[in-house]
Structure formats: structure tokens, C-alpha cells
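If you want the building blocks of each chain, they are given just below.
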Amino acid sequence: MPLHRQGVISGIGETAYSKLSRKSVLALHLEASLAAIADAGLHPTDIDGILPYGGVGVVAEDFITNFGLRDVRLSANTPLGGASPVAAVQTALAAVASGICRHVLIPIGRNGASGGRISTRLREMPQFRAQAEFELPMGAFAPAQIYAPMARRHMELYGTTSRHFAEIAVSTRDNALLNGNAMMTTPLTVEAHQSSRLIADPFHLYDCSLESDGGAAVIVSRADCARDLRQPLIEILGVAEGHPDSPSSITQRPDLIPIGLDKAAPRAFAMAGVTHKDIDVAEIYDCFTYVVLRQLEALGFCGLGEGGPFVASGAIRLKGALPINTHGGLLSQAHLVGMNHIVELVRQLRGTAGRAQVKEARIGLVTGYGDMGDGSIAILARA
Amino acid sequence: MNTPLPPRPSPEPTVDSLPYWTGLREHRLCLQQCAACGTTRHYPRPLCATCFSSAVTWINAQGTGEVHSWTVAHHAFHPAFKSELPYTLVTVDLPEGVRILAPFRGDSADLRLGLPVRLIFEEILPELTLPAFIRG
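Observations regarding the domain arrangement of chain B
Residues and elements named next belong to chain B.
And step 1. Parsing chain B into structural domains produces domain 1 (12-60) and domain 2 (62-136).
And step 2. For the domain 1 and domain 2 pair, buried surface summed over both sides reaches about 1,100 Å², with 70% attributable to carbon and sulfur atoms.
And step 3. The tally of links from domain 1 across to domain 2 stands at zero salt bridges.
And step 4. Connecting domain 1 to domain 2 are two residue pairs in polar contact (both at pLDDT 80 or more).
And step 5. At the level of elements, helix H1 (18-25), strand E2 (40-41) and strand E3 (56-60) are the ones that each hand at least two residues to the side of domain 1 that touches domain 2.
And step 6. Each residue belonging to the side of domain 1 that touches domain 2 can be placed in one class, and the counts come to seven nonpolar, four polar and three charged.

Rendered as C-alpha cells:
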């Protein structure tokens, strides 16, 4: 059963993003979800599929209870860490295209700043079991430390530099300043990036994403159930997920450079039937600057090892050939595990992205990246 | 009164990994080798991904290697490591065909891809010995 254009993103919602929400993680989920449902012009009881982000303690049952849902037909998770929200778009699309569901809610909420810290959760996550047993005792705890050897090897092999990483941080910050719901509100310079403290060499502070409180949600609807809804149709042209070899240990990976997106991107482009020059705007998962650079290569916007010169060319700036992370991303808007990237891409394609609007954006893509390099991608278009 | 530091994270060996941790205490870096097809694998796990056999023999790594990549930790994500900052972790290609991540005891400015290194053992706690590397 072909999935191409069988579903749309019908609704998007966000809460305010902050360091201190003073709300429960569940309340953040519900607030963002209600915003997405209202945005679509739906009623909460129209939701018949729920794909919550695993790992924050909120399950489909919470939505059934709070929204009084009577006929939920699908409850599932896509446990790919930061690739989960975009991977959930694939699962939701399969669910609506196959006739299981009509309107699938993909919600997230977290108190990532005021609640549990990232580094303390490692041991409880099965996909990090090997990391926790064999590398955590050596002092490798946090994503910054786990990804740093990938970035270092890329630098040594291809001549990529910290100033290339800075270009990603600075351009992303510039976009955040236009957003209005971004945690970072002052400009960043290359010099400030370079002089910021080292976290895990080669990553400086400003190579690392934020820790945030907030909620965000999107709704995937079956195409023929969305025609009379409130918003312009944003069609799902192509979608895919991919998993790297040796997914649970970067150290043991045959090659430290490839990621899941290297496998997923060609499938998504083939399904979408578009080429790179058709992409007007891209929201690229940015837990770390290097991860953006590597994904630009994996997506095929430049060759392997050419990510540094590509970003240095100015291509990723708002006025560049491939504007990315127009909302400020995880680096400067908020870390909502990339749900905010999907929300922003839909805004861009609707033409409602405010001061960061890419002129005449019609086709765009969004990626997810998570755990130790799982990848996901969705290519969307205004109908 | 000082708040005591949380204990340094220790491994919780499994039935698959116990020989690895026991070997380290005896200053041997033990690797799983498939008893059916001979493929060496790491970290310890139940199945050979080449032939799917669960039969295992354990071999001792010879103790040499080459730097594949590295990072220098400047931020302690766990309070037990704060006193060790900055510390360097190297990803090392072993001649046995697998890699290992371990601390590098030396000047991180010396590091480059392919740098020969040599395995040493560090007794961290009475029940915990960890591998580390120095320049070869």
C-alpha cells in the first residue's frame, strides 16, 4: 500500500517554552495537544490514534482519560529518542493510510530544564544498556560525550572545524531572535561561540542544545478526512526512518560517521518524488551542531565530508539556498525533541512563519536524530 | 557538613558480561569470540551477528591498539568525575578487530588518528578494575 500523499499534517500546537513551566509534564502534553486539535478545527473526541513520546511517563491512557476518548484504535510508541516525533509521523501515516485511524495525535511534553536531567536517565533506557555497563564507568555519560568522538573523527578525516560548527550555532540563533517563542533572545557571534567553555571537546557550550520545559503536538489525518478542516492541507509526500549499524554502541560501529539518516533519506526522497533542488526549507534536528552538519551530508545537500564548507558558504542562512532551523531549533528555540521542528515546517509551508518566513516555501523537510544516531525524515508540501 | 558524593557509577555485570569484568580484575582484557565461526565481538552479548551461534570462547586482547577517535571531557555530568576534569577518553582500534573506549593517560595534544597506544589496567575500587591507555 503506497503511503505517498495518503495523509496530511492537519494541526500543530505549542506551549510557551521556558526553563520553568510550573506545570506537570502531563499538563504540558495536554495543553499542546488541545492547541493542535483546535488549530486543525477538530474536537478532542475526533482523535482515534495516539503516539506518545516514550520515556517521559505519559501514555495514551492519559489522553483517553483527560479527553474522554471512547474509541481509540491505535496506541504505539516510536522509541528512537530524538528521532521519535518524525518517526511517529511515518507510523501515523501508515495507520491512517491503512484505515486504522482518521486523526492521530503525536504529542510531547517535558520539564527538561526544571525536571530530570538528561545524564541521569541513561541507565534506565534499554537502548543505552551497553553504554551504561561498559562506558559509563569510564566517565562517558552524556550525549555530548558520546557524540564527541564522531565529531572529532569527522574533523580529523575531512578538515571540519569548530568554526564550521559555530556557523550553525550562529545562524540558528539569528533565526530564534525572529521567533517570539524562543528561549534564547540575544545574538550569538562566532567569537562568543569559540570562547564559550568546552563541554566535551570538540563541543563548546554553544554546540549543545538547550534543556527546556514545554509541550508540542501535531496531528496526522487521513487525507480524505482533512479536506474540510480549518487549515491549508500540508501533505506528507515522503517519510522514512533508519537505524545505524551497531545502534547501541557508537564505539563498536563499523564506521563512526554514518547515521540512520544515510539510510532513510534516499527512501524518503524516492517516496516523495522530489529532488534536493525542490526543497525550499529544512528543519534539521540539532541536538549538537555537528549532528546538523552530518545530516546535511546524509540528506545529500553536499557530499560526505563537505558539510563544513557547505555551511560556511552561507547556504543555511535564512536568505541562503537552503534555510534551516528557521525557528531557532533545539540550539536556540527549545529542546522539544524535534516536535517543534515539525511544527515550524508546517508553519513555513502554510506561510504563517512570521518574521522567519521563507518566501514562497512550498516543499520542505524535517529530520529527527536520536539515541545514538537513529534517523527519521518527513518531506511535506503545501497541497 | 559536606554532602557525600554519590558513588562512582559501577557496572552491573550480566551473565553475558561477567567474564569480561572478572578478567579485568585479573588484568586481562577479555573479548568474546564466536566458537562456531571465529568472529570476535564486543561489547559482550548473547549472539554472533555473523552466524547467530551463541557458543562463545573468551580470548585475551594482546594489549595494543591505535587511536580511532577521542574526546576530552571538560564538564562533569556526574559529580563523581568532577575531581578528574579534564579527562580524555580514547576510542581505540584493537588488532583483534573490535574497539574499546577507555581513558587516555597522557597529553591529549599528542592524539591523532592511528596513534599507537598500549593497554594498562587501573584498580578503581577493590571490586572494579578498568582498562586505560597510554602512548604505545
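The rest of the description comes next.
Quick word on the packing of aromatic side chains
And step 1. Tallied over the full model, the rule gives twelve aromatic pairs over all chains.
And step 2. Here Phe134(A) and Tyr20(B) contribute two aromatic rings whose centre-to-centre distance is 5.5 Å and whose plane-to-plane angle is 75°, an arrangement assigned as edge-to-face. With Phe134(A) in helix H4 (residues 129-135) and Tyr20(B) in helix H1, this residue pair bridges two chains. An identical accessibility class is assigned to Phe134(A) and Tyr20(B); each is buried.
And step 3. Feature note: the residues Tyr147(A), Phe165(A), Phe203(A), Phe288(A), Tyr290(A) and Tyr369(A) constitute an aromatic cluster, connected by ring pairs.

Quick word on the sheet that holds strand E7 (residues 213-222) of chain A
Neighbouring strands of a sheet are bound in pairs by backbone hydrogen bonds; such pairs are parallel or else antiparallel.
Residues and elements named next belong to chain A.
And step 1. Spatial strand order, E3-E2-E4-E7-E1-E8-E11-E10-E9: nine strands in an open sheet with mixed pairing. Strands at the two margins of the open sheet, each flanked by one partner only, are strand E3 (74-75) and strand E9 (281-283).
And step 2. The pairing of strand E1 (residues 7-14) with strand E8 (residues 234-242) spans two bridges and is classified as antiparallel. Note on E8: the bridge partner recorded for Val8 is Glu235.
And step 3. Sheet strands touched by helix H9 (residues 289-299): strand E10 (363-370) and strand E11 (374-382). Its angle to E10, the strand with the most contacts, is close to 125°.

Section: the nonpolar core
All names here are of chain A.
And step 1. Formed by 101 residues in total, the largest nonpolar core has its most connected members in Ile9, Leu296, Leu365, Ile377 and Ile379.
And step 2. At eight residues, the largest contribution of residues to this core is made by helix H3 (residues 84-97).
And step 3. Once residues within four sequence positions are removed from consideration, Ile9 is found in contact with Val89, Val218, Ile219, Val220, Ile234, Ile236, Ile342, Val346 and Leu380.

Section: the interface of chain B and chain A
And step 1. Contacts between the two partners involve 36 residues from chain B and, on the opposite side, 34 residues from chain A.
And step 2. Interface of chain B and chain A: buried area, both sides summed, is about 3,000 Å²; carbon and sulfur atoms make up 61% of it.
And step 3. Three residues stand out in chain B for area buried against chain A, namely Tyr43(B), Phe77(B) and Arg99(B), and they jointly supply 23% of the buried area on that side.
And step 4. Viewed at the interface, chain A and chain B are joined by zero salt bridges.
And step 5. In this structure, the connection of chain B to chain A is made through 18 residue pairs in polar contact (both at pLDDT 80 or more).
And step 6. Those elements that place two or more of their residues in the side of chain B that touches chain A are H1, strand E4 (64-73), strand E5 (87-93), strand E6 (99-103) and strand E8 (128-135) of chain B.
And step 7. No other element matches the six residues that E4(B) contributes to the side of chain B that touches chain A.

A word on the sheet that holds E2(B)
All names here are of chain B.
And step 1. Here three strands make up an open sheet; going across it, the order is E2-E1-E3 and the pairing antiparallel. Only two strands of the sheet have a single partner each, and these edge strands are E2 and E3.
And step 2. Note that strand E1 (residues 30-34) and E2 share two bridges and pair antiparallel. Its bridge partner lying in E2, Gln33 is registered against Thr40.

About the cut-offs
- Residues numbered from 1 in each chain as written.
- Chains lettered and ligands numbered in written order.
- Predicted model: local features only at pLDDT ≥ 70, side-chain atom pairs only at ≥ 80, totals over all residues.
- Heavy atoms only, no water.
- Domains from an automatic or database assignment.
- Buried area = accessible area lost by both parts, 1.4 Å probe.
- Salt bridge = Lys/Arg side-chain N within 4 Å of Asp/Glu carboxyl O.
- Polar contact = N/O pair within 3.5 Å; in protein donor to acceptor, adjacent residues only side chain to side chain.
- Helix = DSSP H or I, 4+ residues; strand = E, 2+ residues; numbered from the N terminus.
- Nonpolar A, V, L, I, M, F, W, Y, C, P; charged D, E, K, R; others polar.
- Phe/Tyr/Trp six-rings, centres within 6.5 Å; stacked < 30°, edge-to-face > 60°.
- Buried < 20%, exposed > 50% of the residue type's maximum accessible area, 1.4 Å probe, protein only.
- Pairing = 2+ DSSP bridges.
- Contact = heavy atoms within 4.5 Å.
- Axes fitted to C-alpha atoms, helices over the stretch in contact; angles between N-to-C directions.
- Core = buried A, V, L, I, M, F, W, Y, C linked by side-chain atoms within 4.5 Å.

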